[in-house]
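# Tertiary structure, described
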Amino acid sequence: MQPTLHVKRIHEDAILPERAHEGDAGLDLYAIERKELKPGESALIGTGIQIALPEGTEAQVRPRSGLALKHSVTVLNSPGTIDEGYRGEVKIILINHGKEPFIVEKEMRIAQMVIAPILFVNVSETNDLSETIRAEKGFGSSGK
Ligand SMILES: O=c1ccn([C@H]2C[C@H](O)[C@@H](COP(=O)(O)OP(=O)(O)OP(=O)(O)O)O2)c(=O)[nH]1
Ligand SMILES: [Mg+2]
């Protein structure tokens, strides 16, 4: 059985997260307010919804590639993290990296939310980590 994402609308004009196509990974998130983003400016935009995620999951707030490509508008803290226990309004930090002002219109789809499973690990200190071939190499060590 498919898990359920419970959504509470806290504004009469709020729109439920929705997939553009069946099978899409992302549920589009809608702005509840109009806001102008000047070049270089960021803003916290409300969606008018609160959610209760399925147990053992998080929601990742990701940018929409169309807004990024056409307007250089993206999610500043991408991917944003919505914790399972969070019951506040889902909000999106958008930033305008473009040279033109960008108007976030009310009911505009401004980001997308992907629900993903979380591995809840115990944190355990040790001086003896398992050995690997990569060991401490990183940050471009394998070449181009
Ligand atoms: O894009 C985002 C990111 C976060 N949140 C909400 C849900 C999340 O559960 C909570 C806290 O987010 P996060 O852990 O990223 O922020 P923090 O700076 O660590 O705040 P806190 O101390 O509240 O955890 O804020 C959003 O609505 N949108
Ligand atoms: Mg946190």
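As the structure is a computational prediction, the values presented were derived from the model and not from experiment.

What counts as what
- Residues numbered from 1 in each chain as written.
- Chains lettered and ligands numbered in written order.
- Predicted model: local features only at pLDDT ≥ 70, side-chain atom pairs only at ≥ 80, totals over all residues.
- Heavy atoms only, no water.
- Helix = DSSP H or I, 4+ residues; strand = E, 2+ residues; numbered from the N terminus.
- Rg over C-alpha atoms; globule rule 2.2 N^0.38 Å.
- Buried < 20%, exposed > 50% of the residue type's maximum accessible area, 1.4 Å probe, protein only.
- Contact = heavy atoms within 4.5 Å.
- UniProt positions renumbered as here; feature names shortened; annotations may be inferred.
- Near = heavy atom within 4 Å.
- Polar contact = N/O pair within 3.5 Å; in protein donor to acceptor, adjacent residues only side chain to side chain.
- Nonpolar A, V, L, I, M, F, W, Y, C, P; charged D, E, K, R; others polar.
- Core = buried A, V, L, I, M, F, W, Y, C linked by side-chain atoms within 4.5 Å.
- pLDDT = per-residue confidence, 0-100.
- Salt bridge = Lys/Arg side-chain N within 4 Å of Asp/Glu carboxyl O.

Within the chain one finds 1 helix and 10 strands. Rg of the C-alpha trace for the chain: 19 Å, well past the compact-globule value of 15 Å for 144 residues, more than 25% over. Considering only C-alpha atoms, the chain reaches an extent of 55 × 40 × 30 Å along its principal axes. Here the chain, with 144 residues, has 33% of them falling under the buried criterion. Taking contacts inside the chain between residues at least 6 apart in sequence as the whole, the part at least 24 apart equals 71%.

With that settled, the discussion passes to the UniProt feature "domain: dUTPase-like" (unreviewed entry) in the chain. The UniProt record marks residues 13–143 with the feature "domain: dUTPase-like" (unreviewed entry), using the residue numbering of this structure. For the annotated span residues 13–143, helix accounts for 5% and strand for 38% of the residues, and the straight-line distance between the end C-alpha atoms is 52 Å.

If you check the shell around ligand 1, you find Asn-77, Gly-80, Thr-81, Ile-82, Asp-83, Tyr-86, Glu-89, Val-90 and Lys-91 and nothing else. Take Asn-77: an N or O atom from its side chain is 3.2 Å from an oxygen atom of ligand 1. A distance of 2.7 Å is found between an oxygen atom of ligand 1 and a side-chain nitrogen or oxygen belonging to Asp-83. Elements supplying a minimum of two residues to the shell around ligand 1: strand S7 (80–82) and strand S8 (89–96). Among the residues forming the shell around ligand 1, the class breakdown is 3 nonpolar, 3 polar and 3 charged.

With 25 residues, the main nonpolar core has Ile-92, Leu-94 and Val-104 as its most contacted residues. Broken down by secondary-structure element, the contributors of at least two residues to this core are strand S2 (27–30), strand S4 (42–52), strand S5 (57–62), strand S6 (73–75), S8, strand S9 (102–104) and strand S10 (109–117). Those residues in contact with Val-104 that lie beyond four places of it in its chain are Ala-31, Glu-33, Arg-34, Lys-35, Leu-37, Ile-45, Leu-94 and Ile-110.

The share of residues in the chain with pLDDT of 70 or more is 100%, and the mean pLDDT across the chain is 98. On the interface metric, ipTM, the complex scores 0.98, and its pTM is 0.96.

Right, let's get into the pattern of salt bridges. In this structure the tally under the stated criterion is 5 salt bridges. Lys-106 is paired through a salt bridge with Asp-13; the nearest N and O atoms lie 2.5 Å apart. With Lys-106 in the loop between S9 and S10 and Asp-13 in the loop between strand S1 (6–9) and S2, this residue pair connects regions lying 93 residues apart in the sequence. What makes Lys-106 partly exposed here is its relative accessible area of 37%.

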